[in-house]
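Report on the structure
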Amino acid sequence: MAFRKFLSSLGINAPEVDTVLGTAVVRPGDVLEATVHLRGGGADVEVERLRLDVVTRAEDREQTETGWENPLTIVSAAVDGPLTLHAGEHRTERIAVQLPWEMPLTHVLGGRSLRGARVAVRTELAIDKSVDKGDFDEFQVHALPAQDAILQAYADLGFRFDEAEVKLGTPRGGQNSKVGYWQEIETWFPQHYGRAGQLESVFVARPDSLDLITGSSGPHLFEYAELDQDAWTKRIDEHMRTTFLR
């Protein structure tokens, strides 16, 4: 990405930056690696800050349903600075970002995209008290195997996926959450549960297990070591019938 704002605010010979992600697909809990290429402009400059922000689209922070102007920062990583970027110098910095286990998902069930879900990296460069956050470098966050197993159960039971939304705060039943947001995955009830409307599901994931929250019910614990698609589908079906069947 090129910092067009710097070209106008610092002159035509301003520095440029390009960020290349090590992979376009990650999962919650992964380390996202990026290589930042800096190219000096027409004069030496002091780079006060070089930072990568992992951001997501949050409903609470956007004015429209499709807004992507004021994203929520999930996690950040920076290069120790300040550093001097000489005129015409080509400099490479490598940054690794540890993603949280509760990272919002963008893709499920082997690559199916979730409507409304977006995550990206923004590269923030501060020079001479001017700050540019650059463009969005979007990437994909695929579901953990246990998350996919639960969502596969939903699909097998006839639930239809609608969209995903990230909201600020802690969901009801999310007392084990370690972050200040949650992602709702919205699905439509199938007719055989005798209930119209949507079901909002939330994952609170950890290295060895996750909590599933369905509507106001939960948390329901699922251990990764006990992953069994048939057993989990049966368990979820029984839960839906017990909790939501009219």
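Here, the structure is the one placed above.
Residues numbered from 1 in each chain as written. Predicted model: local features only at pLDDT ≥ 70, side-chain atom pairs only at ≥ 80, totals over all residues. Heavy atoms only, no water.

In this section: the packing of aromatic side chains. For the structure shown, the criterion picks out 5 aromatic pairs. Both rings, one in tyrosine 154 and one in phenylalanine 159, keep their centres 5.1 Å apart while their planes meet at 35°; by these two values the pair is tilted. Across the pair, phenylalanine 159 and tyrosine 154 agree in class, each one buried. For the pair phenylalanine 159 and phenylalanine 189, a centre-to-centre distance of 5.5 Å together with 50° between the ring planes defines the contact as tilted. With phenylalanine 159 in the loop between helix H2 (145–156) and strand E14 (160–168) and phenylalanine 189 in the loop between strand E15 (181–188) and strand E16 (198–205), this residue pair connects regions lying 30 residues apart in the sequence. Given a relative accessible area of 4%, phenylalanine 159 falls into the buried group. Residue classification places phenylalanine 189 among the buried residues on the basis of a relative accessible area of 9%. (Phe/Tyr/Trp six-rings, centres within 6.5 Å; stacked < 30°, edge-to-face > 60°. Buried < 20%, exposed > 50% of the residue type's maximum accessible area, 1.4 Å probe, protein only. Helix = DSSP H or I, 4+ residues; strand = E, 2+ residues; numbered from the N terminus.)

Take empty space enclosed by the protein next. Per the counting criterion, the structure on display carries 1 cavity of 30 Å³ or more. Reported here for the largest cavity is a volume of approximately 100 Å³. Taken together, Trp101, Glu102, Met103, Pro104, Leu105, Gln147, Tyr181, Trp182, Gln183, Ile185, Phe203 and Ala205 form the lining of the largest cavity. Elements that contribute at least two residues to the lining of the largest cavity include exactly E15 and E16. The element contributing the most residues to the lining of the largest cavity is E15, with 4 residues. Looking at side-chain class alone, the lining of the largest cavity contains 9 nonpolar, 2 polar and 1 charged residues. (1 Å grid on protein atoms, 1.4 Å probe; cavity = no way out; pocket = protein on both sides within 12 Å on 5 of 7 lines; lining within 4 Å. Points joined across faces, edges and corners; volume = space filled by probe spheres on them. Nonpolar A, V, L, I, M, F, W, Y, C, P; charged D, E, K, R; others polar.)

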